Amino acid sequence: MAYKIMAQGLDAAGLGRQIQAHPGPVEVVGCLGQRFIGAGMHGKKIRVTGIPGNALGAYLNGGEIEVCANAQDAVGDTMNAGTIVIHGDVGDTVGYAMRGGEIYVEGSAGYRAGVHMKEYQDKVPVMVIGGRAGSFLGEYQAGGVILVLGLTGSGPIAGNFPCTGMHGGKVLLRCRPEELLFPGQVTALPASPQDLDAVRPYLEEFCRRFGKDLAFILNAPFTLAVPDSRNPYRQMYVAN
Amino acid sequence: MGQWEVYPEFEVVRSSARCTKCLGCVAQCANGVHQYDGVQLTCDSAKCVDCHRCVAMCPTRALKIVKADCALRENSNWDSQTIKEIFKQAQSGGVLLSSMGTPKPYPVYWDKLLLNASQVTNPSIDPLREPMETRVCLGKKPDKPQRGPDGRFTCELPPQLKLAMPMLFSAMSYGSVSYNAHEALARAAEELGVYYNTGEGGLHEDFYAYSPNTIVQVASGRFGVHEGYLNAGAAIEIKMGQGAKPGIGGHLPGTKVGADISRTRMIPEGSDAISPAPHHDIYSIEDLRQLVYSLKQSTHHKKPVIVKVAAVHNIAAIASGIARSGADIIAIDGFRGGTGAAPTRIRDNVGIPIELALAAVDQRLRDEGIRNQVGIIAGGSIRSSADVAKAIALGADAVYIATAALLALGCHLCRTCQTGMCNWGIATQRPELVARLDPKEGAKRLVNLMTAWNHEIMEMLGGMGINSIEALRGNRLMLRGIGLTAKELEILGVAHAGE
Amino acid sequence: MIRPELFEGQVRIPSGCAISAVISREGRLISGQTIVDSMRPMHERSNGLGGGFAGYGIYPEYKDFFALHIFYDTDEARAAVEAHLRAVLEIVRAENIPTRKHPAITAEPFIWRYFVAPLRSVLHSCQQDEEEFIARLAMRVNTGYPGAYVFSSGKNMGVFKAVGYPEDVGEFYRLEEYSGYCWTAHGRYPTNTPGWWGGAHPFALLDRTIVHNGEISSYDCNRRTIEMYGYKCTLQTDTEVITYIADFLQRKQGLTLEEMASVIAAPFWSTIERQPKGKSRELAYLRTVYSSLLITGPFSIILGFRGGLMALNDRLKLRSMVVGEKDDKVYIASEEAAIRAVEPGAENIWAPAGGQPVVVRVREGAY
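Note that the structure is predicted; figures quoted are calculated from it, not measured.

The rules behind these values
- Residues numbered from 1 in each chain as written.
- Chains lettered and ligands numbered in written order.
- Predicted model: local features only at pLDDT ≥ 70, side-chain atom pairs only at ≥ 80, totals over all residues.
- Helix = DSSP H or I, 4+ residues; strand = E, 2+ residues; numbered from the N terminus.
- Rg over C-alpha atoms; globule rule 2.2 N^0.38 Å.
- Contact = placed C-beta atoms within 7 Å.
- Buried ≥ 20, exposed ≤ 12 C-beta atoms within 10 Å, placed from the backbone.
- Nonpolar A, V, L, I, M, F, W, Y, C, P; charged D, E, K, R; others polar.
- Pairing = 2+ DSSP bridges.
- Arc of directions from axis to C-beta.
- Domains from an automatic or database assignment.
- Core = buried A, V, L, I, M, F, W, Y, C linked by C-beta atoms within 7 Å.
- Axes fitted to C-alpha atoms, helices over the stretch in contact; angles between N-to-C directions.
- Right-handed = clockwise from strand over helix to strand, strands pointing away.
- pLDDT = per-residue confidence, 0-100.
- Parallel < 35°, antiparallel > 145°, perpendicular 65-115°, else oblique.
- Left-handed = near helix turned anticlockwise from the far one by under 90°.

Draft legend 1. Region of the structure containing the overall build of chain B. Looking only at helices and strands, chain B has 15 helices and 21 strands in total. The C-alpha atoms of chain B give a radius of gyration of 24 Å, which matches the 23 Å a tight globule of 499 residues would have. C-alpha extents for chain B along the principal axes are approximately 85 × 55 × 45 Å. Taking all contacts inside chain B whose residues are at least 6 apart in sequence as the whole, residues at least 24 apart take part in 68%.

Draft legend 2. Structural view of the overall build of chain A. The helix and strand inventory of chain A stands at three helices and twelve strands. The C-alpha radius of gyration computed for chain A amounts to 18 Å, which stays within 12% of the reference 18 Å derived for 240 residues, consistent with globular compactness. Dimensions of chain A, computed from the C-alpha atoms along their principal axes, are close to 55 × 50 × 30 Å. The 240 residues of chain A split such that 54% are buried. Taking as baseline every contact in chain A between residues at least 6 positions apart, the subset at least 24 positions apart corresponds to 39%.

Draft legend 3. Representation of helix H8 (residues 257-264) of chain C within the structure. Within the sequence span of H8 of chain C, burial applies to Met260, Ala261, Ser262, Val263 and Ile264 of chain C. Packing partners of the buried residues in H8 of chain C comprise helix H7 (238-252), helix H10 (277-289) and strand S14 (308-313) of chain C.

Draft legend 4. Spotlight on unusual backbone geometry. Each neighbour pair has its own omega, and for histidine 201 of chain C with proline 202 of chain C the value is 10 degrees, a cis peptide bond. Mapped onto the elements of the fold, proline 202 of chain C is located in the loop between strand S10 (182-190) and strand S11 (203-205). A positive phi angle, near 55 degrees, is found at arginine 112 of chain A, a position not held by glycine. With respect to the element layout, arginine 112 of chain A can be found in the loop between strand S6 (102-105) and strand S7 (126-129). Despite not being glycine, glutamine 236 of chain C has its phi angle at roughly 60 degrees, a positive value. For glutamine 236 of chain C, the position within the fold is in the loop between helix H6 (219-226) and H7. Taking the C-beta count within 10 Å as the criterion, glutamine 236 of chain C has 18 such neighbours and is therefore assigned partly exposed.

Draft legend 5. Quick peek at the interface of chain C and chain B. With 30 residues of chain C at the contact, the number on the chain B side is 34 residues. Every element with two or more residues in the side of chain C that touches chain B is listed here: H6, helix H9 (269-274) and H10 of chain C. Residue contributions to the side of chain C that touches chain B peak at five residues, all from H10 of chain C. A per-class count over the side of chain C that touches chain B returns 13 nonpolar, eleven polar and six charged.

Draft legend 6. A look at the interface of chain B and chain A. At the junction of the two partners, chain B supplies 38 residues and chain A supplies 43 residues. Taken together, the elements giving at least two residues each to the side of chain B that touches chain A come down to helix H3 (80-92), strand S5 (95-98), helix H5 (227-232) and helix H7 (285-298) of chain B. Among the elements that take part in the side of chain B that touches chain A, H7 of chain B stands out by supplying five residues, more than any other. Taken together, the residues that form the side of chain B that touches chain A break down as twelve nonpolar, 20 polar and six charged. The sheet contact formed by strand S12 (residues 237-239) of chain A and S5 of chain B spans three bridges and is parallel. Bridging from a neighbouring strand, valine 238 of chain A pairs with leucine 96 of chain B of S5 of chain B.

Draft legend 7. Highlighting the arrangement of the chains. In this assembly two pairs of chains touch, with chains A and B having more contacts than any other pair. Considering only C-alpha positions, the minimal separation of the non-contacting chain A and chain C is 24 Å.

Draft legend 8. Here's a closer look at helix H8 (residues 315-323) of chain B. By the burial criterion, the buried members of H8 of chain B are Ile315, Ala316, Ile318, Ala319, Ile322 and Ala323 of chain B. Seen from one end, H8 of chain B has its buried residues packed into an arc of 160 degrees, which puts them on one side.

Draft legend 9. Examining the domain arrangement of chain A more closely. All names here are of chain A. In terms of domains, chain A is made up of domain 1 (1-87) and domain 2 (90-234). On a C-alpha basis, the centroid separation for the pair domain 1 and domain 2 is 24 Å. Contact residues are listed per partner, giving 18 residues for domain 1 and 18 residues for domain 2. The class makeup of the residues in the side of domain 1 that touches domain 2 is nine nonpolar, seven polar and two charged.

Draft legend 10. Looking closely at the nonpolar core. Core analysis: the biggest nonpolar cluster contains 344 residues, and Ile330, Ile332 and Val399 of chain B have the highest contact counts within it. The leading source of residues in this core is helix H14 (residues 439-463) of chain B, at nine residues. There are two domains that each give this core at least three residues, and those are domain 1 (1-87) and domain 2 (90-234) of chain A. The residues contacting valine 399 of chain B, other than those within four sequence positions of it, are Pro166, Met167, Ile377, Ala378, Gly379, Ile382, Val388 and Ala391 of chain B.

Draft legend 11. View of the sheet that holds S5 of chain B. Pairing is mixed across the open sheet formed by three strands, whose spatial order is S12(A)-S5(B)-S17(B). Looking at strand neighbours, the two that pair on one side only are S12 of chain A together with strand S17 (342-343) of chain B, the edges of this open sheet. When S5 of chain B meets S17 of chain B, the two strands line up antiparallel, connected through two bridges. Residue pairing across strands places leucine 97 of chain B opposite proline 343 of chain B, the latter belonging to S17 of chain B.

Draft legend 12. How the structure looks around the sheet that holds strand S1 (residues 3-6) of chain A. Residues and elements named next belong to chain A. Pairing within the open sheet is mixed, and its eleven strands lie in the order S1-S2-S3-S4-S5-S6-S7-S8-S9-S11-S10. Strands with a single pairing partner mark the edges of an open sheet, and in this sheet they are S1 and strand S10 (186-190). Each adjacent strand pair in this sheet contributes to an overall mean axis angle of 15 degrees, direction not counted. Its contacts with the sheet place helix H1 (residues 12-21) against S1, strand S2 (26-32) and strand S3 (45-51), and it is angled at close to 170 degrees to S1. Against the sheet, helix H2 (residues 193-210) contacts strand S5 (81-86), S6, S7, strand S8 (142-148), strand S9 (168-173) and strand S11 (223-227), and its axis sits at roughly 55 degrees relative to S8.

Draft legend 13. Structural detail: the environment of glutamate 227 of chain B. Inspection of the secondary structure puts glutamate 227 of chain B in helix H5. For the pair glutamate 227 of chain B and glutamine 146 of chain B, spaced 81 residues apart in the sequence, the C-alpha separation amounts to 32 Å. Among all residues touching glutamate 227 of chain B, those that are not within four sequence positions of it are Gly40, His42, Tyr59, Asn61 and Asn80 of chain A together with Ser298 of chain B.

Draft legend 14. Summary view of the pairing of strand S16 (residues 329-333) of chain B. All names here are of chain B. By the criterion of burial, S16 is predominantly enclosed, with five of the five residues buried. Every second residue of S16 is oriented toward a common face, with Ile329, Ala331 and Asp333 on one face and Ile330 and Ile332 on the other, all of them buried. Relative to S16, strand S15 (residues 305-310) runs parallel, the two sharing five bridges. Bridge pairing in S16 places valine 309 opposite isoleucine 332. Each parallel crossover has a hand, and for S15 linked through H8 to S16 it is right-handed. Two strands pair when backbone bridges link them, and S16 and strand S18 (residues 375-379) are joined in this way by five bridges, in the parallel orientation. Looking at the pairing, aspartate 333 lines up with glycine 379 of S18.

Draft legend 15. Here's a closer look at the environment of glycine 57 of chain C. Residues and elements named next belong to chain C. Take glycine 57: it is sitting in the loop between strand S3 (51-56) and strand S4 (66-72). By the C-beta count within 10 Å, which is 24 here, glycine 57 ends up buried. Linking glycine 57 and glycine 198, residues 141 residues apart in sequence, is a C-alpha distance of 23 Å. Among all residues touching glycine 57, those that are not within four sequence positions of it are Leu29, Asn156, Gly180, Tyr181, Cys182 and Tyr367.

Draft legend 16. Representation of the confidence of the model for chain B within the structure. Chain-level pLDDT for chain B is 95 on average; 100% of the residues reach the 70-or-more range. The ipTM value of the predicted complex is 0.85, and its pTM value is 0.90.

Draft legend 17. Focus on the pairing of S5 of chain A. Residue and element names in this part refer to chain A. Of all six residues that make up S5, five are buried, and the element is covered over most of its length. Two strands pair when backbone bridges link them, and strand S4 (residues 61-67) and S5 are joined in this way by five bridges, in the parallel orientation. The residue bridging glutamate 66 from the neighbouring strand is valine 85, located in S5. Strand direction decides the pairing type here: S5 and S6, joined by four bridges, are parallel. In the sheet register, valine 85 faces S6, and the bridge partner there is tyrosine 104.

Draft legend 18. Region of the structure containing the packing of helix H11 (residues 385-394) of chain B against H14 of chain B. Residue and element names in this part refer to chain B. Relative to each other, H11 and H14 sit at 55 degrees, their axes nearing to 9 Å. On the basis of their axis angle, the class for H11 and H14 is oblique. Remark: the crossing between H11 and H14 carries right-handed chirality. Contacts between H11 and H14 involve Ser385, Val388 and Ala389 on the former and, on the latter, Trp453, Glu456, Ile457 and Met460.

Draft legend 19. Looking closely at the environment of lysine 84 of chain B. Residues and elements named next belong to chain B. For lysine 84, the location among the structural elements is in helix H3. Take lysine 84: there are 15 C-beta atoms within 10 Å of it, and that puts it in the partly exposed class. Each C-alpha atom of the pair lysine 84 and glutamate 5 lies 9.3 Å from the other, and the pair is 79 residues apart in sequence.

Written out as structure tokens, the structure is:
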């Protein structure tokens, strides 16, 4: 049974102190815009009802945050480990500079999801977006895996300029390659069964979290986008 | 020479009378200027960057490097540098990339400001015998002191950085400079009671030992940023911009990302380390507040947060916004500041001088009644203790020093850091070059330099009849301009000499 | 004729000085003659370009009203200021300050005093207490009304100052006709010829007055800091900025006199660190919070206020200051001779250390 923290009347710092003070799982009730929930924490299990403020789980270093509503901007900013689950949509720049851990979004993500996501050794961050993604998906991406499933919402599965500046990692979108315009330094091809097998555990986890049907999800074409080079801009300079 | 080559800028001159063919120069030059075919020693001057490593290491002083006298026809408008740059771009199609601060002849206002001294009406102070304080506490000061129920002060302050002298080593990432350079800076900072700054490349595991004297930087690439890193630093610096390249991100080429740098930055070996131009979670001033407080929250409000910005046209308003965004300290980097690599055109044409930026910021913060809410660090080509004293009199709490520190470590300002072939072991990741910089000796030289500057600052303070550095801060009556226009004097907030 | 650009406030004029003070701990009244006489032996410390006095307890019949002392250059200036005063104040008495013709005091302005109280309705509408209102009013007149200068604005106290030697200034103002429980005095030695009465000392804001000897080296650091908090330094004098600092630290920040002393004459860090832990922490705290209000360079000051005074030297003790006592009276002056001149039998003569505040208070209820 989670320890309940009533968020009403608490500011971000006060709420942070209460979360930090309680060793077991906590439930933040009636959240309304308090920022930085779980920021820089590890080993905590936090459930949030109400609307959490920006930078939820920034620098998260382990543990789990579950939000039973939409979340705002900068979820999982510079996250290093742990899991964030959002039963709703997320705002802009979800998973900015994320290096490890997993983010599961039931709904859609705003602009610049996964911007500058990177990986290092055993740290391979994963972000699964059940709905659609805004423009600049995976901008500057240097590592990790982004999955966009297009299960909710309408229109293109991702906005304009996906994967600009991408130089590592991969993006899998539940669509055909020709549905999106990728930049020159990225190769986008129909995903192979092996490509899908590699991300199957994340899809299973997504289905488990949100009660979705894996077979239904897989019964559609997928596109895999990967960069051609880890050094995309080498030719741009001349020593002076 | 081919049709599209120009005559080299420098000539390496070897005195055959003095040369003993010890071949030290061949071993020392990573650029391959000196070659030995078993009989004859030859020089390919085209490869020379004028770093003076071979000159310094030649045991018989047989080498010198001179400016080539093979010149293009003189032209004040189309000077030879401009012409050569056009040749390079016509050849390569590339963006010109340069290193260190701009060499262009922009005004250096430090050299147009003069300090005061006491005569008769109040006494000068002898710093060798009388107490003379240069300690600085950098950080937010409360608007009103708080007392407990017993009427005594609670003595609780927002986190402060305590400096034994008003100077810190500014950000240089591991990657842009070498492991040994970082070690020298860390050791010196510890011994001096000041701070060095990791730059945006993370903190090497070996240097956590120096964390009480370390400022950890968070830049747009977030390299090496994690919970342990944030909590390791004495302060956290958010890098919004750099004087040498305002508005431009960073780019460490994959060739420089070896195993050790890969570990420190937490990115794969050989992968480019790209820092986006903006922080993608900061598109507006209120977003800065979000990043500042997310860092504070993650470090339990125990670390001061520095926001570093490049000096740009609207710097006073920007600084005011930063002060209101929860930052404890603002670092302003003037456009003459150094860099490991920056597009030439940006470096030489974007931003404003630190002197004007600092004066404008200090005055604006005072006009708005919030100068006590932030510390100010000024950087971007602080070349001597006189520059330090003048910066403090204009309104800085302390200064950032980088190029001068690199010079102390052996840099000869050849401005080719971007090649990664630094013969002095500073701006390189090649193990055989890095080994040339002894971190202990380097630390000693840094300590020497800073200690000497601190003594000189005390001498200048004593001359002004001031015995504590804080009484010089913003004390613009101690400055006079020389050869400045009325507008320049107005912005600097100083009177002209003779007034 | 002095060129206006050399007036106080147009240029910064360093000056040396003599200071003196006398106070009765029992609140017994002391004739103004006493303080005038104490200044005579220190004639050589002044150069005839400024002298002044502050007396406390001198207006008992109007003790609940602010006494505004104002210099006017012209009748027009007076008309303009009085129109403003009438709009916001209740004026219970307005008069010329009585003077006598003195051969050494010339070119006098019109010198007026008013006993006033701010109108309640005005205080209510601008949400200020009466002290804040009067302080702002004085600064507004001094910056916004050419030819008018408020040089005293406290309750049951007054400043009297002029261009001249202090003893002549005392005679000019007929100070022997006043008596008060505390007096401070100043003789000035400016480096050039300001020739303006407002530039003489003491400098006053509300009931705080400062007489000061020495030229501080932290001036512009202190000025630019205090101006952040709504003060306007129009005279460019050390005394002015020190008065504002005292007003700010005491009235607005709630510091005690001793705490204020450890801000403006803060102990060296090495001294702070040798104190017992609690004390050390407090001193370090104050020094960190108010680092820009540290005053460096030579100064000895006497801060007068309602019910007491504080004398303080700079932390290196670069100026002289002597304290003596006799019965209920305490004397403080730049030189012992100034004390002996009015109390030959003074006892316990001592020189306070640098940064050591000497606080003398009148017994509660006796003033």
